[in-house]
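# Results of the structural survey
For reference, the chains in residue letters:
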Amino acid sequence: MSVQSMLNVQRLTKTYQAAGGRDLTVLKEVSFSLAAGASLAIVGPSGSGKTTLLGLCAGLDQPTTGTVELAGESIGALSEDARARVRNLHVGFVFQNFQLVPTLTALENVMVPVELRGQGGAEAEAEAQRLLGRVGLGERTDHYPVQLSGGEQQRVALARAFMNRPKILFCDEPTGNLDGDTAHAMVELIFGLNHEKQTTLVLVTHDLDLARRCQRILRLKGGAVVSDEELAPANHTN
Ligand code: ADP
Ligand code: MG
């Protein structure tokens with residue numbers, strides 16, 4: 001693998017044991033490599049394996065066969081603890097359903113990644129405040145998730161994803177639950193922060209306009225890659 005490759009996926013297959021003992025293969029021999037700083041959109045119909053692929057790339061789950069190298073580390077065979085360490089060091093992840101901790105304020109939610117590293121402190125808190133300001137929630141830092149709208153919760157999740165200064169950011173349907181204006185603001189934030197912080201970006205989306213802002217579009221169908229398209233530089237923003 002070249003030193004510049006941030007994510008290198010080779011022949012990734014994921015098989016679930018379905019009811020009745022039948023196997024259900026939801027990802028089939030998926031391979032691609034992504035350079036540091038690049039942006040990739042994963043598109044495809046519902047059930048085509050997009051979320052599964054994202055989770056495997058981010059080390060949230062283990063493949064049945066195949067390999068994932070993330071920031072130069074081969075993560076497929078690592079233990080859960082070791083994968084958690086790699087994730088905490090390199091990865092930001094924005095889940096489709098946000099996954100904020102309901103008992104923590106916006107600020108405390110954004111602090112979770114550094115608290116996990118035992119590095120919470122005044123400096124980290126200032127950074128969390130700054131990130132919440134960057135996503136337009138500077139006045140809402142002590143609000144709990146239930147006091148925030150869906151779009152606001154999504155923005156807290158984005159601020160949290162940037163808290164570790166990730167080398168690579170994964171977003172699963174970042175605009176899926178948002179209305180038009182809020183979705184637009186979210187997209188501007190993702191690409192703005194991505195450009196500012198020089199992160200590599202992998203996003204899953206149904207929205208083809210959003211996908212076209214990436215440098216590359218990988219299309220899945222039935223768990224297999226059906227196209228892998230490089231876009232002309234004029235189309236994308238970073
Ligand atoms: P997408 O994100 O493209 O909608 P997913 O990756 O969520 O697709 O799911 C792909 C397929 O894998 C679906 O058919 C889904 O039902 C199945 N699947 C996902 N997770 C599991 C699981 N834990 N056990 C069994 N099947 C699963
Ligand atoms: Mg999905």
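Further up the page is the structure itself.
The following paragraphs examine the structure supplied in this document. Predicted model, so just to flag it, every value in this text is computed and none were measured.

Time to look at the site of ligand 1. Every residue lining ligand 1 is accounted for by Y16, V26, P45, S46, G47, S48, G49, K50, T51 and T52. Contact distances for ligand 1 include 2.9 Å between an oxygen atom and a side-chain N or O atom of T51. When ligand 1 is considered free in solution it has 570 Å² of accessible area, and contact with the protein chains removes 58% of it. Per-element tally for the shell around ligand 1: the top contributor is helix α1 (residues 50-57), with three residues.

Pairing is antiparallel across the open sheet formed by four strands, whose spatial order is β2-β1-β4-β5. With partners counted over all chains shown, the strands left at the sheet margins are β2 (23-35) and β5 (73-74), one partner each. Pairing of strand β1 (residues 5-17) with β2, which is carried by nine bridges, proceeds in the antiparallel orientation. Across the sheet, residue S5 finds its bridge partner in β2, namely A35.

Moving on: the sheet that holds strand β6 (residues 91-94). Remark on secondary structure: sheet strands pair via backbone hydrogen bonds, oriented parallel or antiparallel. With mixed pairing, the six strands of this open sheet are ordered in space as β6-β7-β8-β3-β9-β10. Looking at strand neighbours, the two that pair on one side only are β6 and β10 (224-230), the edges of this open sheet. Put simply, the sheet's adjacent strands are angled 15 degrees from each other on average, direction ignored. Judged from the four bridges that link them, strand β3 (residues 39-43) and strand β8 (residues 200-204) form a sheet pairing that is parallel. Following the sheet pairing, I42 is matched in β8 by V204. The strands touched by helix α2 (residues 80-90) within the sheet are β6 and β7 (168-172), with β6 carrying the most contacts at an inclination of about 90 degrees. Contacts from helix α6 (residues 180-197) reach β7 and β8 within the one sheet, and its direction differs from that of β8 by about 160 degrees.

The next point concerns the pairing of β8. Where burial is concerned, most of β8 is hidden: five out of the five residues are buried. Side chains T200, V202 and V204 of β8 all project onto a buried face; the interleaved residues L201 and L203 project onto the opposite face, where all are buried too. Judged from the five bridges that link them, β7 and β8 form a sheet pairing that is parallel. Looking at β8, one finds that L169 is bridged to L201. Each parallel crossover has a hand, and the one from β7 via α6 to β8 is right-handed.

What follows deals with the packing of helix α3 (residues 106-116) against helix α4 (residues 122-134). To describe two helices that pack against each other, one gives the angle between their axes and the distance between the axes. Two elements in contact, α3 and α4, have axes whose closest approach is 9 Å; the angle formed by their N-to-C orientations is 125 degrees. Between α3 and α4, the angle is such that the two are oblique. The handedness of the crossing between α3 and α4 is right-handed. On the side of α3, the interface is formed by A106, L107, V110, M111 and V114, while α4 contributes A124, E125, A128, Q129 and L132.

Moving on to the side chain of R87. Position of R87 among the secondary structure elements: in helix α2. Looking at R87, its side chain comes within polar contact range of the main-chain oxygen of G59, at 2.6 Å. Those residues in contact with R87 that sit more than four places away from it in its chain are A58, G59, L60 and E80.

Calculation rules
Residues numbered from 1 in each chain as written. Chains lettered and ligands numbered in written order. Predicted model: local features only at pLDDT ≥ 70, side-chain atom pairs only at ≥ 80, totals over all residues. Heavy atoms only, no water. Near = heavy atom within 4 Å. Polar contact = N/O pair within 3.5 Å; in protein donor to acceptor, adjacent residues only side chain to side chain. Areas by Shrake-Rupley, 256 points an atom, 1.4 Å probe, with all protein chains shown as cover. Helix = DSSP H or I, 4+ residues; strand = E, 2+ residues; numbered from the N terminus. Pairing = 2+ DSSP bridges. Axes fitted to C-alpha atoms, helices over the stretch in contact; angles between N-to-C directions. Contact = heavy atoms within 4.5 Å. Buried < 20%, exposed > 50% of the residue type's maximum accessible area, 1.4 Å probe, protein only. Right-handed = clockwise from strand over helix to strand, strands pointing away. Parallel < 35°, antiparallel > 145°, perpendicular 65-115°, else oblique. Left-handed = near helix turned anticlockwise from the far one by under 90°.

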